[in-house]
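Chain and residue survey
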Amino acid sequence: MRRRVRVRARAALAAVALLLAAGSACSTGPSLEHRGDVTAPPGDSRDLTIGSAGFTESDLLAQMYALLLRRAGYRTEILSVTNREIYEPALETGRIDVVPEYAATFADWLNAKANGPGAAPVGSPDLATTMSALRRLAKPRGLTVLDPGRAVDQNAFAVTREYAAEHGLKTLSDLGRAKLPVRLAAGDECVERPYCEPGLRKTYGIDVVAVDPKGVGTTQAKQAVQSGRDQMVLTTTTDATLDQFGLVLLADDRHLQNADYIVPVVNRARAGGPGAVRALSALNTVLTTEDLASMNEQVDSWRRLPEDVARAYLERKGLL
């Protein structure tokens with residue numbers, strides 16, 4: 001529901017599909033029979049492929065990973081693949097070596113892959129619990145999940161500045177206490193997702209009188225709130241366009257949303273060594289949610305290239 005995707009070159013998908021087909025005969029990851037116990041030392045290939053999921057934020061993160069690894073002496077290339085069903089197996093086999101991921105979302109995805117689509121979610125609002133589950137699921141697949149930083153891309157809810165000022169709203173708890181009827185612009189599945197309408201009612205006591213099915217963070221959804229047709233919109237914490245619509249986020253002060261902190265995930269056999277880990281982990285010391293939203297805006301609204309935005313940011317932070 002929440003992860004933005006835009007179509008990229010079909011050639012990239014075909015290339016990864018070919019890599020996966022080739023990799024089925026000679027995978028660099030652990031065999032299926034022995035995935036329960038990965039004992040080989042982490043590898044340190046000097047040629048690394050960074051995967052991007054094909055939307056702006058993932059492109060930016062992949063560019064920053066590539067630049068940091070190059071500075072540390074690695075040769076890198078970036079491969080854009082819009083489908084997790086393709087790039088995650090490629091990560092397991094070592095055809096892709098590094099990807100930026102989202103902790104809770106990726107934990108639930110791996111859990112469903114291991115235990116079936118009906119498996120109970122393991123991602124949660126608690127970061128430590130989520131990371132523990134994610135690492136437990138990733139390890140048998142030959143994947144290492146590096147530490148998260150401060151940047152998080154979660155579902156979030158926004159109202160107009162005027163509406164927030166009129167009713168004294170800074171948090172979702174404030175909105176619940178105000179007892180205001182709220183029309184919510186969101187995806188149509190919001191009526192049943194626990195982090196959306198049911199969660200807003202149960203956790204915050206918000207009176208959601210209707211869900212206006214205009215999508216998650218779409219222009220149409222924001223315009224509906226801007227015009228007063230709806231009072232609140234479901235978007236994300238790194239949405240770069242809120243200012244353009246006069247919108248502000250209400251803080252999730254009771255932690256309804258899952259801990260979708262950004263984490264690098266690497267193929268342990270090829271990129272799990274201390275050099276690559278140290279290079280990638282450097283980003284954790286500086287990158288914030290606000291930084292990422294600003295970079296998204298530079299690409300989406302100012303039409304700057306992701307590589308240029310990524311390089312300028314790392315140089316400004318003293319990492320290049």
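Everything that follows concerns the structure shown earlier in this document.
To start, this report covers the structure provided alongside it. (Residues numbered from 1 in each chain as written. Predicted model: local features only at pLDDT ≥ 70, side-chain atom pairs only at ≥ 80, totals over all residues. Heavy atoms only, no water.)

**Section: the pattern of salt bridges**
Applying the stated criterion to the full structure yields 17 salt bridges. One salt bridge connects D44 with R46, and the closest N-O pair in it is separated by 2.9 Å. Notably, a salt bridge pairs R177 with D174, separated by 2.6 Å at the nearest N-O pair. Of this pair, R177 and D174 both sit in helix 7 (residues 172-178), 3 residues apart, which is roughly one turn of that helix. The class for D174 is buried, based on a relative accessible area of 18%. Within the structure, one salt-bridge network assembled from shared partners comprises R183, D212, K214, R229 and D230. (Salt bridge = Lys/Arg side-chain N within 4 Å of Asp/Glu carboxyl O. Helix = DSSP H or I, 4+ residues; strand = E, 2+ residues; numbered from the N terminus. Buried < 20%, exposed > 50% of the residue type's maximum accessible area, 1.4 Å probe, protein only.)

**What to know about the environment of L91**
In this structure, L91 sits in helix 3 (residues 84-93). Taking the relative accessible area as the measure of exposure, L91 reaches 0% and is therefore buried. On a C-alpha basis, the gap between L91 and L143 in space is 7.8 Å, while along the polypeptide they are 52 residues apart. Setting aside residues no more than four positions away along its own chain, L91 makes contact with I96, D97, V98, V99, L143, V265, V266 and N267. (Contact = heavy atoms within 4.5 Å.)

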